[in-house]
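Fold and contact review
The lines below spell out each chain.
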Amino acid sequence: MGRQNLKAFCLDWHIDRSPALRDLLLRPLEPFCDIELVAWDGATVPDVGLDPSSPTIFCQLPPPPSLLNDEQRKLVWIPMWDQARGYEQSWWNAIPKSLRVVSFSTQIQLRTSASGLTSLPLRYFKDPGALSPASWSQGCILFYWNRTGMVGPTFLRKLCKALDARELLFLNRIDPRIDARAHFSLPSHLGKTAVTTLSISAQADYLEATRSANVFIAPRAAEGVGLSFLEAMSRGSAVLAYNAPTMNEYIEDAINGILFSSEPVTEPPRVVNKLARMLSRDRHPYNYYLTDRQDWSRIKGLDLRALGLRARLDHETGYARWQKSIPDYFDFISDW
């Protein structure tokens, strides 16, 4: 049997801007087959001469009913949790059982198992050996990319104080379709912490500009897989994230990272004047995902360097498991 040439339908975002599918699909399977990424709108599949006898891959958005209802088609779906979490279990149950699903999240695997779909659970890890390890010689240096309005200025000020951070690297470029009110700027300092506002676009510039960071604030409330925070963990950075998938599928709180609650810490009643109330909340008409009322004393007491080192070790063993699973990944897609 000759080398297979497969087509994978995805959003134009995955072709033009996001490296996700290169990491999750193209590079791992490159030794086994050739895969062409084809952009589509989620409704109409472009006429690119699909071979019904050859496997066809759909990334993030599921195949359309016109193909799903043809049980002779060899269809593989690679959903991302941040998008697939919107589907009720009844929706999963109604999917024709001929569809195969690659599960990069435990939550997706739970839904496919409950619906009787054939699925392959995988866990992706970055290669720590391919990335420069985080350095702690210059003290605590945070990086936060305001992609989705995860946290606001008051949260960042309190976090910098709790961690005695020397510097905050701040990238303020919100994702498409995110409420513009999530945007904010920062002064040159938050308390004693110097703020460096970044202006970068290319991936290579991003890596260079954030190389000095050793604490990473995960920027989203849900992830498909979470390549950015996984990259930080594999470098040995301490990752701070919202306690939700997929972040909490990799991070164990206070062991290899920090998980924040969306619920505010209950504080004892106290008298606060008008000025104190003004200073204690963000002056922005936007509801950030994470409240600034966290247990900052707990955060202050954690050994960030130890969390980062444990994260890097976890990725060393995790990356070995990921590499071992790749032949099964190819077989699942191609062997019908």
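Shown above is the structure to which this text applies.
Keep in mind that this is a model prediction, so the values were computed, not measured. (Residues numbered from 1 in each chain as written. Predicted model: local features only at pLDDT ≥ 70, side-chain atom pairs only at ≥ 80, totals over all residues. Heavy atoms only, no water.)

**Things to note about the packing of aromatic side chains**
Applicable threshold: Aromatic contacts are taken between Phe, Tyr and Trp rings whose centres are within 6.5 Å, Trp giving its six-membered ring; a plane angle under 30 degrees counts as stacked, one over 60 as edge-to-face, and the others as tilted. A run of H or I in DSSP counts as a helix once it spans at least four residues, and a run of E counts as a strand once it spans at least two, with each numbered from the N terminus. Here the term buried applies to any residue with accessible area under 20% of the maximum for its type, exposed to any over 50%, and partly exposed to those in between, with areas from a 1.4 Å probe on protein chains only.
Applying the stated criterion to the full structure yields 26 aromatic pairs. With a centroid separation of 6.4 Å and 70° between ring planes, the pair formed by Phe-9 and Trp-40 is classed as edge-to-face. Taken together, the residues span a long stretch of sequence, with Phe-9 in strand 1 (residues 4-10) and Trp-40 in the loop between strand 2 (33-39) and strand 3 (56-59) at a distance of 31 residues. Relative accessible area serves as the criterion here: at 0%, Phe-9 is assigned to the buried category. Given the relative accessible area of 6%, Trp-40 is considered buried. Measuring from ring centre to ring centre gives 5.1 Å for Phe-170 and Phe-184, while their planes differ by 20°; the resulting arrangement is stacked. Here Phe-184 lies in the loop between strand 8 (167-171) and strand 9 (189-190) and Phe-170 lies in strand 8, a separation of 14 residues in the sequence.

**Re the nonpolar core**
To keep things clear, this is the line we draw: Definition used in this section: a nonpolar core is a set of buried Ala, Val, Leu, Ile, Met, Phe, Trp, Tyr and Cys residues joined via side-chain atoms within 4.5 Å. Here a residue-residue contact requires only that any non-hydrogen atoms of the pair lie within 4.5 Å.
By size, the foremost hydrophobic cluster in this structure holds 89 residues, and its most contacted members are Leu-25, Phe-104 and Tyr-329. If we ignore the near neighbours within four places in the chain, the residues touching Leu-25 are Ala-8, Ile-35, Leu-37, Ile-57, Cys-59, Ile-78, Tyr-329 and Ile-333.

**So, the side chain of Arg-100**
Threshold: Charged residues are defined narrowly, with Lys and Arg counted positive, Asp and Glu counted negative, and His plus the chain ends left uncounted. For this document, the term salt bridge refers to a Lys or Arg side-chain nitrogen within 4 Å of an Asp or Glu carboxyl oxygen.
Turning to its location among the elements, Arg-100 is positioned in strand 5 (residues 100-103). For the buried residue Arg-100, which engages in no salt bridge, the nearest side chain bearing the opposite charge is Asp-335, 6.4 Å off. Setting aside chain neighbours within four positions, we find Arg-100 in contact with Leu-75, Val-76, Trp-77, Thr-118, Asp-331, Phe-332, Asp-335 and Trp-336.

**Regarding the sheet that holds strand 7 (residues 141-145)**
Backbone-to-backbone hydrogen bonds join strands into a sheet, with any given pair of strands oriented parallel or antiparallel. Our working definition: Here the rule is simple: two strands pair whenever DSSP picks up at least two bridges between them.
Spatially, 7 strands are ordered 9-10-8-7-11-12-13 in an open sheet, and the strand pairing comes out mixed. Taken across any chain shown, the strands that pair with only one partner, and hence form the sheet edges, are strand 9 and strand 13 (258-260). Relative to strand 8, strand 7 is paired through 5 bridges, and the arrangement is parallel. Note on strand 8: the bridge partner recorded for Phe-143 is Leu-169.

**Some words on the pairing of strand 6 (residues 118-121)**
Strand residues, when the strand is regular, have side chains that alternate between the two faces of the sheet. Note: strand 5 against strand 6, 4 bridges, orientation parallel. Paired with Ser-103 across the bridge in strand 6 is Pro-121.

**Examining unusual backbone geometry**
In terms of backbone geometry, most residues other than glycine have negative phi values and most peptide bonds are trans. In this structure, the amide linkage connecting Pro-245 to the following residue, Thr-246, adopts the cis form with an omega of -5°. Mapped onto the fold, Thr-246 is located in the loop between strand 12 (238-242) and helix 10 (247-250). With phi around 70°, Gln-60 is a residue other than glycine that occupies positive phi space. Residue placement: Gln-60 occurs in the loop between strand 3 and helix 3 (65-68). Owing to a relative accessible area of 15%, Gln-60 belongs among the buried residues under this scheme. One non-glycine residue, Arg-177, adopts positive backbone phi at about 70°. Relative to the elements of secondary structure, Arg-177 occurs in the loop between strand 8 and strand 9. Relative accessible area serves as the criterion here: at 81%, Arg-177 is assigned to the exposed category.

**Overview of the state of the cysteines**
Counted only if it meets this: What counts as a disulfide here is a pair of cysteine sulfur atoms lying within 2.5 Å.
On inspection of all chains with the given rule, the structure shows 0 disulfides. Cys-33 carries a free sulfur, and the closest cysteine sulfur to it, the one in Cys-59, is 12 Å from it. For Cys-33, a relative accessible area of 3% puts it in the buried group.

**Section: the side chain of Ser-234**
Using the following cut-off: The definition of a polar contact used here is a pair of N or O atoms within 3.5 Å, where within protein one atom must be able to donate a hydrogen and the other to accept one, and adjacent residues in sequence count solely through side-chain atom pairs.
Along the chain, the position of Ser-234 falls in helix 9 (residues 227-235). The exposure class assigned to Ser-234 is buried, which follows from its relative accessible area of 0%. Looking at Ser-234, its side chain comes within polar contact range of the main-chain oxygen of Glu-231, at 2.8 Å. Among residues more than four places away in sequence, those in contact with Ser-234 are Lys-126, Pro-128, Leu-131, Arg-312 and His-315.

**Comments concerning the environment of Phe-170**
Phe-170 sits in the buried class, given a relative accessible area of 1%. A C-alpha to C-alpha distance of 35 Å links Phe-170 and Leu-29, two positions 141 residues apart in sequence. Every residue in contact with Phe-170, bar those within four places of it in the chain, is listed here: Tyr-144, Asn-146, Phe-184, Ser-185, Leu-186, Val-195, Thr-196, Thr-197 and Leu-198.

**Some thoughts on the sheet that holds strand 5**
Threshold: Working convention: axes come from line fits to C-alpha atoms, limited for helices to the stretch in contact. Angles between N-to-C directions cover 0 to 180 degrees.
If you trace the 6 strands from one edge of the open sheet to the other, you get 2-1-3-4-5-6, paired in parallel fashion. Every other strand in the sheet has two partners, leaving strand 2 and strand 6 as the edge strands with one partner each. For this sheet the average axis-to-axis angle between neighbouring strands, irrespective of direction, equals 25°. Bridge count between strand 1 and strand 2: 7 bridges; the pairing is parallel. Bridge assignment links Cys-10 to a residue of strand 2, and that residue is Ala-39. In the packing of helix 6 (residues 106-115) onto the sheet, contacts are made with strand 5 and strand 6, and the angle to strand 5 comes to roughly 155°.

Honestly, it's all geometry; don't read function into it.
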